[in-house]
Amino acid sequence: GGQRRSYGRGRGRGHGQYNQHNAAPSPPLDFYPGEDFFGTGSLISQLDKKVIVILLDHQHIVGVLRSFDQFGNFVLQHACRRFYEGNNFCDIPLGLYIIRGEQVVLLGELDAEKDENGVEGGLV
């Protein structure tokens, strides 16, 4: 008759449910040396650093890399679109910016001090 059976994961307390008490703590970022990973996994060492992304349509986007996924999609915080004229450039603020991986040509880390103060001799 009215007997219930549970197969697999149950809905009751403690049966496969995620909660903060059984979650493993995340290791610090320096635990992941970037050179030991392939593909987008190698970007772990770039997290929370100022980067420049060059897109297929020749846009240059500068911002702090906050997240990425296995498809090469990026989330940049404090992003700006950068325009160059000779040895000068200007930035147009964009805010939080999501970039599709299929549009990316290049991603590189910026030296924050040189980016703020400029470089003797200009951009060349």
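Our subject is the structure listed above.
I will try to describe carefully the structure that is included in this document. Here the residue numbering is sequential within each chain, running from 1 through the sequence in written order. Note on the predicted model: pLDDT of at least 70 is required for a residue's local features to be given, and 80 or more for side-chain atom pairs to be given and counted; whole-chain, interface and lining totals, by contrast, use all residues. Only hydrogens and water are set aside; all other atoms, that is, all heavy atoms of the structure, feed into the side-chain values.

As a further point, take the sheet that holds strand 1 (residues 50-55). Read across the open sheet, the five strands follow the order 4-3-2-1-5; overall the sheet is antiparallel. This sheet does not close on itself; its edge strands, each paired only once, are strand 4 (88-99) and strand 5 (104-109). When strand polarity is set aside, the average angle formed by the axes of neighbouring strands in this sheet is 30 degrees. Strands are treated as partners if at least two bridges between them are detected by DSSP. Only DSSP runs of H or I reaching four residues or more are called helices, and only runs of E reaching two or more are called strands; each is numbered from the N terminus. Here ten bridges tie strand 3 (residues 74-85) to strand 4, and the two strands are oriented antiparallel to one another. Counterpart to valine 75 in the pairing with strand 4 is isoleucine 98. In this analysis, axes come from line fits to C-alpha atoms, helices being fitted only over the stretch in contact, and the angle between any two N-to-C directions falls in the range 0 to 180 degrees.

The next subject is a nonpolar patch on the surface. A surface patch of nonpolar side chains, amounting to about 280 Å² of accessible area, comprises Leu56, Val105 and Leu106. Its location among the elements puts leucine 106 in strand 5. To count toward a patch, a residue needs a relative accessible area over 30% and no salt bridge; like charges are then connected within 9 Å, while nonpolar side chains (Val, Leu, Ile, Met, Phe, Trp, Tyr) are connected within 5 Å. Only the protein chains shown count as cover for residues, with accessible areas throughout obtained via the Shrake-Rupley method and a probe of 1.4 Å. A pairing counts as a salt bridge when a side-chain nitrogen of Lys or Arg comes within 4 Å of a carboxyl oxygen of Asp or Glu.

A word on the pattern of salt bridges. Under the counting rule described, the total for this entry stands at five salt bridges. Here arginine 100 and glutamate 102 are joined by a salt bridge, their closest N and O atoms 3.3 Å apart. Take arginine 100 and glutamate 102: they sit in the same class, and that class is exposed. Sharing partners across several salt bridges, the network here consists of Lys50, Arg82, Asp91 and Asp115. Note on exposure labels: buried denotes an accessible area under 20% of the residue type's maximum, exposed denotes more than 50%, and partly exposed covers the range between, all computed with a 1.4 Å probe on protein chains only.

Purely geometric stuff here, so don't read any function into it on its own.
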